[in-house]
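Coordinates in review
This is what each chain is made of:
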Amino acid sequence: MAILERVLDFFYPRFCICCKHPIHLPTLGYLCDRCFKSIVFNNTTCCACCGRAMGTQEGTICQNCAELKPYFHNGISLFAFNEVGRHFIHTLKYHNGLFLKKDLQKLLLHEKEKLSQWDSPCFIPVPLHFMRQWKRGYNQSVMIAQALHHVCGGKITPILKRKINTPSQTSLTRKERKLNVKDAFMLKVKTLDVNKTYVLVDDVFTTGATLNECASVLQRHGVKDIRVFTLAHG
Ligand SMILES: [Zn+2]
Ligand SMILES: [Zn+2]
């Protein structure tokens, strides 16, 4: 840690975004070491499709993916949606989370080996409708895509547009979520290299309806290698 940062920390201590305790010389900038250690990275057996930890489920894909019939064939989800994971994502998404940029990179670096399975992919952040992005001031999926690009290389290709300002998925059932995002996305470009690996990037994988709708747009335009990345599965 730079000397200036230590001095600033002395006069203006930072507080953990999860437990709210003051933090000194942490591994991450805004999460104390105790909370950082509570992050459960999905590095046991994971669903080959969405990347969630499989727990006691057998087979290579989870029950949800078996029902979803996704247009993507591979995915990584970084950590469990436990208390700390949820706090991190909620702060990133709803509390001007731009200050978490460096912490995001450090969390991805923690799982660099897992991420190295991708060979120069094109990262596509799941777009917000422009009205929602204007209100929030940023898109958290773009921040995650930038962190992925920083850690894994590849390119950021924001080629999708959300043409319908769909209501939040939070309180909807599985069926409603699917209907809510139906035809909500379109391709912004006339041509795309269909032989590239495209990784759709979002904050949370819940039922996968949004990511699958985005993947269906790519699939209709001839892309064969479609994958997904989410910070957590919840
Ligand atoms: Zn803490
Ligand atoms: Zn799955």
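Residues numbered from 1 in each chain as written. Chains lettered and ligands numbered in written order. Predicted model: local features only at pLDDT ≥ 70, side-chain atom pairs only at ≥ 80, totals over all residues. Heavy atoms only, no water.

**Looking at the nonpolar core**
In terms of nonpolar packing, the biggest core is built from 38 residues, with Leu31, Phe79, Leu107, Leu148, Phe229 and Leu231 touching the most fellow members. Taken together, the elements giving at least two residues each to this core come down to helix 2 (33-37), strand 3 (74-80), helix 4 (83-94), helix 5 (101-110), helix 8 (140-152), strand 8 (197-205) and strand 9 (225-233). Counting the residues that make up this core, at least three belong to each of domain 1 (1-38) and domain 2 (40-233). Setting aside anything within four residues of it in sequence, one finds Leu231 in contact with Ser77, Leu78, Phe79, Phe88, Ile89, Leu92, Leu104, Ile144, Asp202 and Asp203. Membership of the second largest hydrophobic core comes to 30 residues, among which are Met54, Cys62, Phe185 and Ile226. (Core = buried A, V, L, I, M, F, W, Y, C linked by side-chain atoms within 4.5 Å. Buried < 20%, exposed > 50% of the residue type's maximum accessible area, 1.4 Å probe, protein only. Helix = DSSP H or I, 4+ residues; strand = E, 2+ residues; numbered from the N terminus. Domains from an automatic or database assignment. Contact = heavy atoms within 4.5 Å.)

**Details of the domain arrangement of the protein**
Assigned domains of the protein: these are domain 1 (1-38) and domain 2 (40-233). Put simply, the middle of domain 1 and the middle of domain 2, counted by C-alpha atoms, are 28 Å apart. Taken residue by residue, the interface counts ten residues in domain 1 and 14 residues in domain 2. Regarding the contact of domain 1 and domain 2, the summed buried area is about 1,000 Å², with carbon and sulfur atoms giving 72% of it. Summed over the shared surface of domain 1 and domain 2, the number is zero salt bridges. Between the two partners, domain 1 and domain 2, sit five residue pairs in polar contact (both at pLDDT 80 or more). A per-class count over the side of domain 1 that touches domain 2 returns seven nonpolar, three polar and no charged. (Buried area = accessible area lost by both parts, 1.4 Å probe. Salt bridge = Lys/Arg side-chain N within 4 Å of Asp/Glu carboxyl O. Polar contact = N/O pair within 3.5 Å; in protein donor to acceptor, adjacent residues only side chain to side chain. Nonpolar A, V, L, I, M, F, W, Y, C, P; charged D, E, K, R; others polar.)

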